[in-house]
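Coordinate analysis (summary)
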Amino acid sequence: MDYESFPELTTPHITSMSQIAAALIGVADAQDAAQEALMRAWRGWEDFREGTSVRSWLLTITVNVCRNWQAGHFGTQRRRTEPLDLDAGDAKYAPLASAGPGSIDHTEALDLRHAVTTLPDELRVIVLLRFYAGMDATEIGAALAMPPATVRTRLRRALGCLREVLGPRDQPLPPSPDPLGNDRSA
């Protein structure tokens, strides 16, 4: 492929690359990881086969960069402890935190984020790519080099684990104690 077509073919996918990086390694490092993925794509542009999906190719590179990033000195601890301090006005990262601090939705988002980080790596990456980056099973399969059926199976297993951790949504909250110490049962 000629290098003149690189910007034209890759620019439409930069937002998706950033979203995937944000989901996998955190918002703070997402832009750096996406830029690293673009640099690797540029270096490998001559090897890109025409007729192959540019989007799938770029997303695969992004996932691999994020895996390397996690294995590096930042490790998984930073990803698991990073707060959801996203600007709600930034549409690029809206799926990651759309509720304001203190709201019930924000608390539920924090609970969900924590539950997702406790999943095994092979399940967590699929959940993040599907729901935070908006990829379908075919795209995830291409990015992770696995069949889409395996992606769907792991996604079902991950959702089952999340349901167990988060519990049923229809249970009422236990009564809160009266701050004045009065007995409410009378």
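First, a word on scope: everything that follows refers to the structure included in this document.

**Here we look at the packing of aromatic side chains**
Applying the stated criterion to the full structure yields six aromatic pairs. Look at Tyr3 and Trp42: their rings are 4.5 Å apart centre to centre, the planes differ by 50°, and that puts the pair in the tilted class. Of the two residues, Tyr3 sits in the segment before α1 (6-10) while Trp42 sits in helix α3 (residues 27-43), which places them 39 residues apart along the sequence. Overall, Tyr3 belongs to the partly exposed group, its relative accessible area being 28%. Ring pairs connect the aromatic residues Tyr3, Phe6, Trp42, Trp45, Phe48 and Trp57, which therefore count as one cluster. One residue, Arg130, lies across the ring of Phe131, its end atom 5.4 Å from the ring centre.

**Notes on the pattern of salt bridges**
On inspection of all chains with the given rule, the structure shows three salt bridges. A salt bridge links Glu36 to Arg40; its shortest N-O distance comes to 3.0 Å. In this pair, Glu36 and Arg40 are both assigned in helix α3, four residues apart and thus about one turn of the helix distant. The partner of Arg124 in a salt bridge is Asp121, with the nearest N and O atoms 1.9 Å apart. A residue pair is termed a helical-turn pair when its members lie 3 or 4 positions apart in one helix, as Arg124 and Asp121 do in helix α7 (residues 121-132) at three residues. Taking the relative accessible area as the measure of exposure, Arg124 reaches 5% and is therefore buried.

Calculation criteria
- By convention here, each chain's residues receive numbers from 1 onward along its written sequence.
- pLDDT decides what is reported in this predicted model: residues at 70 or higher carry local features, side-chain atom pairs at 80 or more are listed and counted, and totals for whole chains, interfaces and linings draw on all residues regardless.
- In computing side-chain properties, one takes all heavy atoms of the structure into account and sets aside hydrogens as well as water.
- Pairing of aromatic rings covers Phe, Tyr and Trp, the last counted by its six-membered ring, and requires centre-to-centre distances within 6.5 Å; plane angles under 30 degrees mean stacked, over 60 mean edge-to-face, and any other angle means tilted.
- Secondary structure elements are defined from DSSP: runs of H or I of at least 4 residues count as helices, runs of E of at least 2 residues count as strands, and each element is numbered from the N terminus.
- Only protein chains enter the accessibility calculation, which uses a 1.4 Å probe; a residue whose area is less than 20% of its type maximum is buried, one above 50% is exposed, and one in between is partly exposed.
- Working rule: Lys NZ or Arg CZ, within 6 Å of ring centre, within 35 degrees of ring normal, means a charge sits over the ring.
- Put simply, a salt bridge is a Lys or Arg side-chain nitrogen that is within 4 Å of an Asp or Glu carboxyl oxygen.

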